[in-house]
Amino acid sequence: MAGEKQKPVRPDWDTYFMQIAQVVALRSNCSRRQVAAVIVKDFRIISTGYNGTPRGIKNCCDGGCPRCSSDAPSGTALEECLCCHGEENAIVQAAYHGISVKDAILYTTFSPCLLCAKMIINAGIREVVYKERYSIDETSKRILREAGVKLRPLVEESSPRSEK
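Model, not experiment: these values are computed from the prediction.

(A) Region of interest: the layout of surface pockets. Of the pockets and cavities examined, the largest pocket occupies roughly 570 Å³. Every residue lining the largest pocket is counted, 25 residues in all, and those nearest its centre are R67, L78, C81, H85 and Y134. When contributions to the lining of the largest pocket are tallied by element, the ones reaching two or more residues are α2 (66-69), α3 (86-96) and α4 (114-123). It is α3 that contributes the most residues to the lining of the largest pocket, three residues altogether. Split by residue class, the lining of the largest pocket holds 14 nonpolar, six polar and five charged. At the level of elements, β2 (44-50) and α3 are the ones that each hand at least two residues to the lining of the second largest pocket. The leading source of residues in the lining of the second largest pocket is α3, at four residues. Here the residues of the lining of the second largest pocket sort into five nonpolar, nine polar and one charged.

(B) Structural detail: the confidence of the model for the protein chain. Confidence along the protein chain averages 90 in pLDDT terms, with 93% of residues attaining 70 or more. Note that residues 158-164 has pLDDT below 50 and, in this model, nine contacts with residues that lie over four places away or in other chains.

(C) Region of interest: the packing of aromatic side chains. A full pass over the atoms with the stated rule returns five aromatic pairs. Plain terms: the ring middles of Y16 and F17 are 5.0 Å apart, the flat faces sit at 65 degrees to each other, and that makes the pair edge-to-face. With centroids separated by 5.4 Å and ring planes inclined at 40 degrees, the aromatic side chains of F17 and Y107 adopt a geometry described as tilted. Highlighted residues: F17 in helix α1 (residues 13-25) and Y107 in strand β3 (residues 105-110), separated in sequence by 90 residues. Every member of this aromatic cluster is reached through a ring pair, and the members are W13, Y16, F17, F43 and Y107.

(D) Highlighting the sheet that holds strand β5 (residues 150-153). One open sheet holds the five strands; their spatial order is β2-β1-β3-β4-β5, and the pairing between them is mixed. The open sheet has two edge strands with one neighbour each: β2 and β5. Each neighbouring strand pair of the sheet contributes to a mean axis angle of 20 degrees, computed without reference to strand direction. By the bridge criterion, four bridges tie strand β4 (residues 127-132) to β5 in an arrangement that is parallel. Bridge pairing links V129 to R152 in β5.

(E) Representation of the nonpolar core in the model. Residues I39, L106, I120 and I125 are the most contacted members of the largest nonpolar core, which totals 15 residues. Those elements that provide at least two residues to this core are β1 (36-41), α3, α4 and α5 (138-146). Sort the elements by how many residues they give to this core and α3 lands first, with three residues. Membership of the second largest hydrophobic core comes to 13 residues, among which are A36, I105, V129 and L154.

(F) Structural detail: the packing of α3 against α4. Close contact between α3 and α4 brings their axes to 9 Å; oriented N to C, the two are set at 30 degrees. Comparing their axes, α4 and α3 come out roughly parallel. Seen along the crossing, α3 lies across α4 with a hand that is left-handed. Residues E87, E88 and I91 of α3 form the contact with α4, whose participating residues are C116, M119, I120 and A123. Its residues placed into classes, the contact of α3 with α4 shows five nonpolar, no polar and two charged.

(G) Representation of the packing of α4 against α5 within the structure. Packing of α4 against α5 brings their axes to within 8 Å, and their N-to-C directions diverge by 15 degrees. When the interaxial angle is binned, α4 and α5 end up roughly parallel. Two packed elements cross with a definite hand, and for α4 against α5 that hand is right-handed. In this structure, α4 uses L114, A117, K118, I120 and I121 to contact α5, whose residues at the interface are T139, S140, I143 and L144. By residue class, the composition of the contact of α4 with α5 is six nonpolar, two polar and one charged.

Calculation criteria
- Per chain, residues are indexed from 1 in the order of the written sequence.
- With the structure being a predicted model, the display of local features is reserved for residues of pLDDT at least 70 and the display and counting of side-chain atom pairs for 80 or more, all residues being used for whole-chain, interface and lining totals.
- For the side-chain quantities, the full set of heavy atoms in the structure was used; hydrogens and water were omitted.
- Within this scheme a cavity is a closed region of a 1 Å grid, computed over the protein atoms alone, that accommodates a 1.4 Å probe without allowing it to escape, whereas a pocket is open but has protein on both sides within 12 Å along at least five of seven lines; lining residues each have an atom within 4 Å of a point.
- Grid points are joined across faces, edges and corners, and a volume is the space filled by probe spheres set on the points.
- Counting from the N terminus, the helices are the DSSP runs of H or I reaching at least four residues and the strands are the DSSP runs of E reaching at least two.
- Under this grouping Gly is polar, as are all residues other than the nonpolar Ala, Val, Leu, Ile, Met, Phe, Trp, Tyr, Cys and Pro and the charged Asp, Glu, Lys and Arg.
- For every residue, the pLDDT score states the predictor's confidence, bounded by 0 at the bottom and 100 at the top.
- Residue contacts are counted whenever heavy atoms from the two residues lie within 4.5 Å of one another.
- Centres within 6.5 Å make a pair out of two Phe, Tyr or Trp rings, where for Trp the six-membered ring is used; the pair is then stacked when the planes are under 30 degrees apart, edge-to-face when over 60, and tilted otherwise.
- Strand pairing requires that DSSP identify at least two bridges connecting the strands.
- As a rule, the C-alpha atoms of each element are fitted with a line to give its axis, helices using only the stretch in contact, and angles between N-to-C directions run from 0 to 180 degrees.
- Here, nonpolar core refers to any group of buried Ala, Val, Leu, Ile, Met, Phe, Trp, Tyr and Cys residues whose side-chain atoms link them within 4.5 Å.
- Categorising residues by exposure relies on relative accessible area from a 1.4 Å probe, with only protein chains included: less than 20% of the type maximum marks a residue as buried, more than 50% marks it as exposed, and the intermediate range marks it as partly exposed.
- Roughly parallel refers to an angle under 35 degrees, roughly antiparallel to one over 145, roughly perpendicular to one between 65 and 115, and oblique to any angle outside these ranges.
- A clockwise turn of the near helix away from the far one marks a right-handed crossing, whereas an anticlockwise turn of less than a right angle marks a left-handed crossing.

Shown next as structure tokens:
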């Protein structure tokens with residue numbers, strides 16, 4: 001009918017939180033890859049994190065990380081990297097501010113590495129949703145599964161999910 005307003009198309013919750021994670025990744029100071037995580041509990045964001053050097057250390061993009069400043073191939077010289085991962089920073093930020101992440105969902109732009117998978121398990125996060133698959137994550141997938149943490153890729157829907 002003429003004059004009727006179209007109901008706005010709203011993203012489903014997974015898409016909504018992942019899009020926020022993608023914006024958070026824009027704050028990354030890593031010169032190699034921008035990655036971020038958003039931790040959600042009861043459909044509310046409780047923490048965010050992006051990758052880059054620790055607080056008080058020269059930013060990676062300004063030469064603060066020797067590995068990222070080098071021409072080391074992807075996946076090598078990781079022992080020289082000073083950058084913290086997005087998942088790591090989201091968990092640490094919650095702890096820093098006294099916020100429990102137990103039973104939360106973590107949205108991340110890349111599937112977690114082994115170190116982050118261990119932190120996710122020990123932090124009590126119950127589910128991880130990722131946008132892109134990280135290339136060295138087979139062991140991460142195995143231990144998350146073994147620990148009972150649900151791991152799933154984001155499947156964007158063509159129509160919005162019902163609100164909860």
